[in-house]
Amino acid sequence: MMDNNPEECSVCFNNYDDTLLRPRTLPCGHTFCSQCIDNAIKNGQLNCPSCRAQHTATAATQFPISYGMEAFIRKLKGMEVVPVTTVPTKPNKAPTRGISKKLRSLVEEQKSSISSLITSCEEVLSQLGEYRGQLGDWKTQHLQLQDRLYALVEQNKSAMKLLELEDTSVVDMTTQGEEGKTQLQAMLGSLDTVNTAQEVGTTIDTADECSIKVEDWVQKCQELFPDVNTVHTSVKVQETIREALEMTTTETGATADPVHLGDSDSSIMTKVQEITGEISQKEITVEDLRRMSEPVKRLVEAGRVVAVKSLVEAGRVVAVKSLVEAGRVVAVQEDQDGRRSARITLQDGQLYLHPLLRQPTPAHAHTIQESDVVGVLDPSCTLAFLDLGWAGSTRGRVTIRLTPDTPLARQFVLLCTGQRGHTFRNTKLLRVWNKGQPGECVVGGDYESNDGKGGAPLLPDLRGQYRESGQAGAVGSWWGLPGGPTSAQFVIATRDRQAGHLWPYVFGDVVSGLDVVRAAVNHSDITEVTVVDCGVVLPL
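Residues numbered from 1 in each chain as written. Predicted model: local features only at pLDDT ≥ 70, side-chain atom pairs only at ≥ 80, totals over all residues. Heavy atoms only, no water.

### Section: the sheet that holds strand β3 (residues 41-42)
Here three strands make up an open sheet; going across it, the order is β3-β4-β5 and the pairing antiparallel. Of all strands in the sheet, those bounded by a partner on one side alone are β3 and β5 (54-56). As paired strands, strand β4 (residues 45-47) and β5 are joined by three bridges and run antiparallel to one another. In the strand pairing of β5, Asn47 is matched with Gln54. (Pairing = 2+ DSSP bridges. Helix = DSSP H or I, 4+ residues; strand = E, 2+ residues; numbered from the N terminus.)

### Observations regarding the pattern of salt bridges
The final tally for this structure, using the stated rule, is 15 salt bridges. The shortest N-O distance in the salt bridge between Glu108 and Lys111 comes to 3.7 Å. Of the two residues, Glu108 and Lys111 are both situated in helix α3 (residues 101-193); the distance of three residues between them amounts to about one turn of the helix. By relative accessible area, Lys111 is classed as partly exposed at 45%. Note that Lys157 and Glu154 form a salt bridge whose closest N and O atoms lie 3.7 Å from each other. Here Lys157 and its partner Glu154 are both found in helix α3, three residues apart, which amounts to about one turn of the helix. Residue classification places Lys157 among the partly exposed positions, given a relative accessible area of 44%. One continuous salt-bridge network, built from bridges that share partners, spans Asp335, Arg340 and Arg358. (Salt bridge = Lys/Arg side-chain N within 4 Å of Asp/Glu carboxyl O. Buried < 20%, exposed > 50% of the residue type's maximum accessible area, 1.4 Å probe, protein only.)

### Things to note about a nonpolar patch on the surface
On the surface, Ile99, Leu103 and Leu106 cluster together to form a nonpolar patch covering roughly 250 Å² of accessible area. Its place among the elements puts Ile99 in the loop between α2 (67-80) and α3. Among the residues examined, Ile99 registers a relative accessible area of 32% and is labelled partly exposed. (Patch = residues over 30% accessible without salt bridge, like charges linked within 9 Å, V, L, I, M, F, W, Y side chains within 5 Å. Areas by Shrake-Rupley, 256 points an atom, 1.4 Å probe, with all protein chains shown as cover.)

### Looking at the state of the cysteines
With the rule as written, the count across this model stands at zero disulfides. Unpaired in this structure, Cys51 has its nearest cysteine sulfur neighbour in Cys48, at a distance of 3.7 Å. We classify Cys51 as partly exposed; its relative accessible area is 37%. (Disulfide = S-S within 2.5 Å.)

### Describing the environment of Val475
Inspection of the secondary structure puts Val475 in strand β15 (residues 474-477). Val475 gets classed as buried once you look at its relative accessible area, which sits at 0%. The contacts of Val475, once residues within four sequence positions are left out, are Ile400, Val491, Ile492, Val506, Phe507, Gly508, Asp509 and Val510. (Contact = heavy atoms within 4.5 Å.)

### Brief notes about the nonpolar core
In summary, soluble globular proteins display a tendency toward joint burial of nonpolar side chains. With 56 residues, the main nonpolar core has Ile344, Leu353, Leu386, Leu388, Phe412 and Phe424 as its most contacted residues. Considering each element in turn, this core owes the most residues, seven residues, to helix α10 (residues 407-417). Leaving out residues up to four positions away in the same chain, Leu386 has contacts with Gly396, Arg397, Val398, Ile400, Phe412, Cys416, Phe424, Phe490, Val531, Asp533 and Cys534. (Core = buried A, V, L, I, M, F, W, Y, C linked by side-chain atoms within 4.5 Å.)

Here you go:
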């Protein structure tokens, strides 16, 4: 259905603005205000109000601002303020007959020039709107950095308070030590002047008391100093702040040469990207992703000095990481039917490639060829994942280490990544065997009919060298030696089998998330459990 009010959020029907109701575009291509997106996020998931597509999210700020929409709205507002009287209500009259053909030509030329200038004006206004949106993002980032700097300052203040308390304690103990030393020196003098047995006894008793006090003082000093928490906190805070300052200060920072822009006719945002060195849409590479998992060494061990080259590389790493975290990096594949795209996400320092789907590429997305990403997978150590969910929410991720270079393992990867057009995504688990008994297992993987009657093989020959296993967590072929119309279906063992009984044709093992599978088995209806997402772990 056509949207007759594009300047409104289709959820709350409020006009977009440049504060709380900024328009943001989801990976599925639909746009809503920031406030409605925040309100729709539940348990780290967002269901698009228009198409119900699921997106992983914790805040609206993860989705890019629709600068084009903002520029369009500003243009609409500009059109609204034009007085009605200025709009011609009648067709223009034919040129006055008294004007010569030459003058008429000059008039038309002037009109054409003005129309062209109006178009240029509109283009620049749109660019200014987009640039203003970028400036707003930078201001927000500066405020966030400022908050982090304030946090560092507070940490520094807390460390200084600890040092002051420690210093006060040291001063007190020093005073006690000086007094004890003075008393001991006095005892030495007294012992030199004793003349009678009574004086000797009295002086020795006094000296013993003084000695005991000093010995206690020595022992107390050994126990109290240094205070581990004070010293550790001081050193770590100093190191953190020093590294932060080193990362923001370079030899050329204050006197850097101005950037020379090549083409003065380039758009404003193109020039901004030139100045900032922002990565263009075609410049994301596997190497960029790999650097995210192999952080640039910022400090030279000998002198803890930051190299300018390292700073440049670190800046690129941070930029790519920010794009991935914002959901703005997607793997794409072009075929005769058009383009498909796959999300690349970052979680706990690990990159995940999700399945290729026919879906709109997110606004302002940076792309990488899916074949390049899949090309880094190591056949000897491939990790795949299935996200299981039921009762309207994702319950957990199951990570599976696939057996090196077997046809069933390769087929499992194809169905996790969607390279051949089919995927485990949105398939349901089919049945549980031996529930509550040894050898308990769950079956899934019917990507065709989703009822257990489908799941044809994607590879022509699935024969190979397969293991046997009786352990919980084993992943294998459900119907024995593959080749039939259900060869893509898989089984995941949730309980060990009895001694002497083994599952054949095993091609993987669950390395994490077996508890999620067991929880699914205990669900009242296994067919309500769905593979809400799937993919592979990128070994970068």
